[in-house]
Amino acid sequence: PSVVGASEWARQSLGAIAASLLLAGGVGVSRLGLWGFDLAVSQMVQERVSPPSARGAVVGVQKSLEATFGASGAFLGVLLPAAWEFQWLALGSWFS
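Because the structure is a prediction, the values reported are computed rather than measured.

## Quick look at the overall build of the protein
Tallying secondary structure elements over the protein gives five helices and zero strands in all. Going from the N terminus to the C terminus, the protein shows its helices and strands as α-α-α-α-α. Against the compact-globule benchmark of 12 Å for 96 residues, the protein has a radius of gyration of 18 Å, which places it well outside the compact range. When the backbone C-alpha atoms are referred to their principal axes, the protein occupies close to 60 × 30 × 15 Å. Surface exposure of the protein reaches about 7,500 Å², of which carbon and sulfur atoms provide 71%. Between the mean site of the 5 positive side-chain charges and the mean site of the 5 negative ones, the protein shows a separation of 8 Å.

## What to know about the confidence of the model for the protein
Mean pLDDT over the protein stands at 84; residues scoring 70 or higher make up 91%. Taken element by element, the predicted model of the protein shows its lowest mean pLDDT in helix H1 (residues 2–6) (58) and its highest in helix H4 (residues 55–79) (91).

## Quick look at the layout of surface pockets
To find leftover empty space, one rolls a probe the size of a water molecule over the atoms. The computed volume of the second largest pocket comes to approximately 210 Å³. Forming the walls of the second largest pocket are Leu34, Phe37, Asp38, Val41, Ser42, Gln62, Lys63 and Glu66. Counting residues per element, the lining of the second largest pocket draws most heavily on helix H3 (residues 16–48), which supplies five residues. Classifying every residue of the lining of the second largest pocket gives three nonpolar, two polar and three charged.

## Overview of unusual backbone geometry
For the bond from Ser50 to Pro51, the omega torsion is 0 degrees, close enough to zero to count as cis. Relative to the assigned elements, Pro51 resides in the loop between H3 and H4.

## Details of the packing of H3 against H4
Two elements in contact, H3 and H4, have axes whose closest approach is 10 Å; the angle formed by their N-to-C orientations is 150 degrees. One way to sum up the angle between H3 and H4 is to call them roughly antiparallel. By crossing handedness, the relation of H3 to H4 is classed as right-handed. Side by side, H3 and H4 meet where Val41, Val45 and Gln46 of the first sit next to Arg55, Val58, Val59 and Gln62 of the second. The residue inventory of the contact of H3 with H4, partitioned by class, reads four nonpolar, two polar and one charged.

## Here's the deal with a nonpolar patch on the surface
A grouping of Trp88, Leu91, Trp94 and Phe95 is seen on the molecular surface, where their side chains present a nonpolar patch of about 550 Å² in accessible area. You can see Trp88 is positioned in helix H5 (residues 86–95).

Criteria and cut-off values
Residues numbered from 1 in each chain as written. Predicted model: local features only at pLDDT ≥ 70, side-chain atom pairs only at ≥ 80, totals over all residues. Heavy atoms only, no water. Helix = DSSP H or I, 4+ residues; strand = E, 2+ residues; numbered from the N terminus. Rg over C-alpha atoms; globule rule 2.2 N^0.38 Å. Areas by Shrake-Rupley, 256 points an atom, 1.4 Å probe, with all protein chains shown as cover. Lys, Arg positive; Asp, Glu negative; His and termini not counted. Charge placed at Lys NZ, Arg CZ, Asp CG, Glu CD. pLDDT = per-residue confidence, 0-100. 1 Å grid on protein atoms, 1.4 Å probe; cavity = no way out; pocket = protein on both sides within 12 Å on 5 of 7 lines; lining within 4 Å. Points joined across faces, edges and corners; volume = space filled by probe spheres on them. Nonpolar A, V, L, I, M, F, W, Y, C, P; charged D, E, K, R; others polar. Axes fitted to C-alpha atoms, helices over the stretch in contact; angles between N-to-C directions. Parallel < 35°, antiparallel > 145°, perpendicular 65-115°, else oblique. Left-handed = near helix turned anticlockwise from the far one by under 90°. Contact = heavy atoms within 4.5 Å. Patch = residues over 30% accessible without salt bridge, like charges linked within 9 Å, V, L, I, M, F, W, Y side chains within 5 Å. Salt bridge = Lys/Arg side-chain N within 4 Å of Asp/Glu carboxyl O.

Written as structure tokens, this is what we have:
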């Protein structure tokens, strides 16, 4: 729904409010999916890391990698601010 809501077709055919609702609803649903995936990964780490004393180190490395990739994505957004360069940001996000 978020792709449809962000499209030019939706703005012309459905109106601005319906397109905005589709966009916001699609983003909200995708964030719920991401939240569920994060919970599943956390549970798997807790169940499968052995010995239990190593969990802190594993989770620390995981969180630091997530923060590094998030910061690099934000930094690339500053370096590539033009709309026509968005394809490179999206491609990098997809590969990460």
